[in-house]
Amino acid sequence: MSNIVAIVGRPNVGKSTLFNRLIGSRKAIVNEESGVTRDRNYGKSEWNGKEFSVIDTGGYVSNSDDIFEEEINKQVLLAIEEADVILFMVDTEIGLTDLDQNFAKLLRNIQKPIYLVANKVDTSERIYDASEFYRLGINSDLFCISSANGFGTGELLDKITSHF
Ligand code: GDP
Ligand code: MG
(Lines give C-alpha, C1' and ligand atoms only; values in the text may rest on other atoms or scores of the structure.)
(Ligands and ions follow the chains in the order given, each with its own letter.)
Protein backbone atom coordinates (compact mmCIF):
# COMPACT_ATOMS: atom_id res chain seq x y z
CA MET A 1 0.00 0.00 0.00
CA SER A 2 1.08 3.54 -0.60
CA ASN A 3 -0.40 6.97 0.12
CA ILE A 4 -1.39 6.13 3.66
CA VAL A 5 -2.86 8.64 6.12
CA ALA A 6 -3.07 7.67 9.79
CA ILE A 7 -5.40 9.44 12.19
CA VAL A 8 -4.07 9.33 15.74
CA GLY A 9 -4.87 11.01 19.03
CA ARG A 10 -6.40 10.33 22.41
CA PRO A 11 -9.83 8.69 22.69
CA ASN A 12 -12.97 10.69 21.91
CA VAL A 13 -11.42 13.52 19.89
CA GLY A 14 -13.34 12.43 16.78
CA LYS A 15 -10.90 10.25 14.83
CA SER A 16 -13.49 7.70 13.75
CA THR A 17 -15.92 10.45 12.77
CA LEU A 18 -13.30 11.93 10.42
CA PHE A 19 -12.39 8.44 9.17
CA ASN A 20 -16.02 7.74 8.30
CA ARG A 21 -16.34 11.11 6.57
CA LEU A 22 -13.21 10.41 4.51
CA ILE A 23 -14.15 6.89 3.45
CA GLY A 24 -17.82 7.76 3.02
CA SER A 25 -19.20 4.58 4.58
CA ARG A 26 -19.53 3.12 8.03
CA LYS A 27 -16.57 0.92 8.77
CA ALA A 28 -15.18 2.03 12.10
CA ILE A 29 -17.17 2.06 15.30
CA VAL A 30 -18.20 5.51 16.50
CA ASN A 31 -19.40 5.59 20.06
CA GLU A 32 -20.01 8.06 22.87
CA GLU A 33 -17.75 5.93 25.04
CA SER A 34 -13.97 6.44 24.98
CA GLY A 35 -11.67 3.89 23.45
CA VAL A 36 -14.21 1.87 21.55
CA THR A 37 -12.03 1.40 18.48
CA ARG A 38 -9.64 -1.26 19.67
CA ASP A 39 -7.53 -1.76 16.60
CA ARG A 40 -6.70 -0.28 13.24
CA ASN A 41 -9.38 0.19 10.63
CA TYR A 42 -8.55 0.77 7.00
CA GLY A 43 -10.54 2.58 4.36
CA LYS A 44 -10.04 4.07 0.92
CA SER A 45 -10.57 7.70 0.11
CA GLU A 46 -10.14 10.02 -2.84
CA TRP A 47 -9.74 13.78 -3.25
CA ASN A 48 -9.36 15.68 -6.52
CA GLY A 49 -8.60 12.45 -8.35
CA LYS A 50 -5.94 11.33 -5.86
CA GLU A 51 -6.53 8.05 -4.09
CA PHE A 52 -5.21 7.26 -0.64
CA SER A 53 -5.80 4.92 2.28
CA VAL A 54 -6.86 6.03 5.73
CA ILE A 55 -6.08 4.26 8.98
CA ASP A 56 -8.29 4.88 12.00
CA THR A 57 -6.70 3.98 15.32
CA GLY A 58 -7.86 3.48 18.87
CA GLY A 59 -6.75 6.10 21.36
CA TYR A 60 -3.25 6.26 22.73
CA VAL A 61 -3.24 5.88 26.49
CA SER A 62 -0.02 6.11 28.49
CA ASN A 63 0.99 5.22 32.04
CA SER A 64 -1.36 2.31 32.17
CA ASP A 65 -1.00 -1.35 33.05
CA ASP A 66 -4.22 -2.25 31.26
CA ILE A 67 -3.32 -4.99 28.78
CA PHE A 68 -5.94 -3.75 26.31
CA GLU A 69 -4.53 -0.26 26.47
CA GLU A 70 -1.07 -1.65 25.81
CA GLU A 71 -2.48 -3.36 22.74
CA ILE A 72 -4.06 -0.07 21.59
CA ASN A 73 -0.72 1.70 21.96
CA LYS A 74 0.96 -0.99 19.86
CA GLN A 75 -1.65 -0.51 17.14
CA VAL A 76 -1.06 3.25 17.16
CA LEU A 77 2.70 2.75 16.77
CA LEU A 78 2.13 0.33 13.89
CA ALA A 79 -0.17 2.84 12.17
CA ILE A 80 2.43 5.60 12.57
CA GLU A 81 5.05 3.30 11.09
CA GLU A 82 2.86 2.47 8.10
CA ALA A 83 1.72 6.03 7.41
CA ASP A 84 3.07 8.51 4.89
CA VAL A 85 1.13 11.36 6.48
CA ILE A 86 -0.03 11.54 10.11
CA LEU A 87 -2.99 13.49 11.41
CA PHE A 88 -2.66 14.23 15.12
CA MET A 89 -6.17 15.05 16.26
CA VAL A 90 -7.06 17.12 19.32
CA ASP A 91 -10.39 18.36 20.64
CA THR A 92 -11.29 22.06 20.95
CA GLU A 93 -14.35 21.21 23.05
CA ILE A 94 -12.20 19.73 25.86
CA GLY A 95 -8.99 21.61 25.15
CA LEU A 96 -5.39 20.57 25.77
CA THR A 97 -4.91 17.53 28.01
CA ASP A 98 -1.98 15.58 29.49
CA LEU A 99 -2.70 12.73 27.08
CA ASP A 100 -2.33 15.14 24.15
CA GLN A 101 1.05 16.18 25.58
CA ASN A 102 2.18 12.56 25.89
CA PHE A 103 1.14 11.95 22.36
CA ALA A 104 3.00 15.02 21.11
CA LYS A 105 6.16 13.75 22.83
CA LEU A 106 5.87 10.48 20.95
CA LEU A 107 5.31 12.21 17.61
CA ARG A 108 8.20 14.66 17.99
CA ASN A 109 10.66 11.93 16.98
CA ILE A 110 8.77 10.89 13.86
CA GLN A 111 10.32 12.11 10.61
CA LYS A 112 7.13 12.25 8.56
CA PRO A 113 4.64 14.98 7.70
CA ILE A 114 2.45 15.44 10.78
CA TYR A 115 -0.52 17.78 10.83
CA LEU A 116 -2.19 18.96 13.97
CA VAL A 117 -5.94 18.74 13.50
CA ALA A 118 -8.10 20.64 15.99
CA ASN A 119 -11.49 18.97 15.72
CA LYS A 120 -15.00 19.98 16.83
CA VAL A 121 -14.67 23.47 15.37
CA ASP A 122 -18.35 23.33 14.45
CA THR A 123 -18.58 27.10 14.19
CA SER A 124 -15.84 29.55 13.20
CA GLU A 125 -15.80 31.19 16.66
CA ARG A 126 -14.13 28.13 18.05
CA ILE A 127 -11.06 28.67 15.82
CA TYR A 128 -9.72 30.97 18.55
CA ASP A 129 -9.89 28.16 21.12
CA ALA A 130 -7.52 26.10 18.98
CA SER A 131 -4.49 28.36 19.43
CA GLU A 132 -3.62 26.72 22.77
CA PHE A 133 -2.63 23.58 20.84
CA TYR A 134 0.46 25.36 19.51
CA ARG A 135 1.84 24.61 22.98
CA LEU A 136 2.11 20.98 21.90
CA GLY A 137 5.19 22.00 19.92
CA ILE A 138 4.11 20.15 16.80
CA ASN A 139 6.06 21.98 14.14
CA SER A 140 3.43 21.98 11.41
CA ASP A 141 0.28 23.67 10.24
CA LEU A 142 -2.75 23.61 12.50
CA PHE A 143 -6.02 22.71 10.80
CA CYS A 144 -9.33 23.58 12.42
CA ILE A 145 -12.04 21.21 11.32
CA SER A 146 -15.40 19.77 12.25
CA SER A 147 -15.52 16.07 11.47
CA ALA A 148 -19.21 16.27 12.26
CA ASN A 149 -20.21 18.93 9.71
CA GLY A 150 -17.19 19.01 7.40
CA PHE A 151 -15.96 22.51 8.23
CA GLY A 152 -12.31 22.92 7.17
CA THR A 153 -11.92 19.40 5.82
CA GLY A 154 -11.36 20.59 2.22
CA GLU A 155 -8.24 22.56 3.18
CA LEU A 156 -6.97 19.59 5.17
CA LEU A 157 -7.52 17.24 2.23
CA ASP A 158 -5.70 19.66 -0.11
CA LYS A 159 -2.72 19.52 2.26
CA ILE A 160 -2.81 15.74 2.71
CA THR A 161 -3.00 15.03 -1.02
CA SER A 162 -0.19 17.50 -1.80
CA HIS A 163 2.07 14.66 -0.60
CA PHE A 164 0.63 12.15 -3.08
P1 GDP B 1 -12.55 8.79 18.57
O2 GDP B 1 -12.58 8.08 19.89
O3 GDP B 1 -11.41 9.74 18.50
O4 GDP B 1 -12.61 7.87 17.39
O5 GDP B 1 -13.85 9.73 18.51
P6 GDP B 1 -15.28 9.48 17.82
O7 GDP B 1 -15.19 9.70 16.35
O8 GDP B 1 -15.81 8.19 18.30
O9 GDP B 1 -16.11 10.70 18.42
C10 GDP B 1 -16.22 10.89 19.81
C11 GDP B 1 -17.41 11.80 20.09
O12 GDP B 1 -17.17 13.11 19.55
C13 GDP B 1 -18.71 11.33 19.44
O14 GDP B 1 -19.76 11.62 20.32
C15 GDP B 1 -18.81 12.17 18.18
O16 GDP B 1 -20.13 12.34 17.76
C17 GDP B 1 -18.22 13.48 18.65
N18 GDP B 1 -17.63 14.27 17.56
C19 GDP B 1 -16.78 13.84 16.60
N20 GDP B 1 -16.45 14.84 15.76
C21 GDP B 1 -17.13 15.94 16.18
C22 GDP B 1 -17.20 17.30 15.72
O23 GDP B 1 -16.60 17.72 14.72
N24 GDP B 1 -17.98 18.15 16.45
C25 GDP B 1 -18.67 17.73 17.54
N26 GDP B 1 -19.40 18.64 18.18
N27 GDP B 1 -18.63 16.46 18.01
C28 GDP B 1 -17.87 15.57 17.34
MG1 MG C 1 -12.52 5.79 17.31
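Residues numbered from 1 in each chain as written. Chains lettered and ligands numbered in written order. Predicted model: local features only at pLDDT ≥ 70, side-chain atom pairs only at ≥ 80, totals over all residues.

**Some thoughts on the overall build of the protein**
Summing up its helical and strand segments, the protein has four helices and six strands in all. Written out in order from the N terminus, the α and β elements of the protein read β-α-β-β-α-β-α-β-β-α. Counting all 164 residues of the protein, 38% fall into the buried class. When contacts within the protein are restricted to residue pairs at least 6 apart in sequence, long-range pairs at least 24 apart make up 67% of them. (Helix = DSSP H or I, 4+ residues; strand = E, 2+ residues; numbered from the N terminus. Buried ≥ 20, exposed ≤ 12 C-beta atoms within 10 Å, placed from the backbone. Contact = placed C-beta atoms within 7 Å.)

**As for the sheet that holds strand S4 (residues 85-91)**
Read from one edge of the open sheet, six strands run S2-S3-S1-S4-S5-S6, paired in mixed fashion. Two strands close off the open sheet at either side, each with one partner strand: strand S2 (41-47) and strand S6 (142-144). With direction set aside, neighbouring strand axes in the sheet form an average angle of 30°. Pairing of S2 with strand S3 (residues 50-56), which is carried by seven bridges, proceeds in the antiparallel orientation. In the sheet register, Tyr42 faces S3, and the bridge partner there is Ile55. (Pairing = 2+ DSSP bridges. Axes fitted to C-alpha atoms, helices over the stretch in contact; angles between N-to-C directions.)

**As for unusual backbone geometry**
The backbone of Asn12 sits at a positive phi, close to 80°, despite the residue not being glycine. The class of Asn12 is partly exposed, set by 17 C-beta atoms lying within 10 Å. Phi is positive for Lys120, which is not a glycine, with a value near 70°. Position of Lys120 relative to the elements: it lies in the loop between strand S5 (114-119) and S6.

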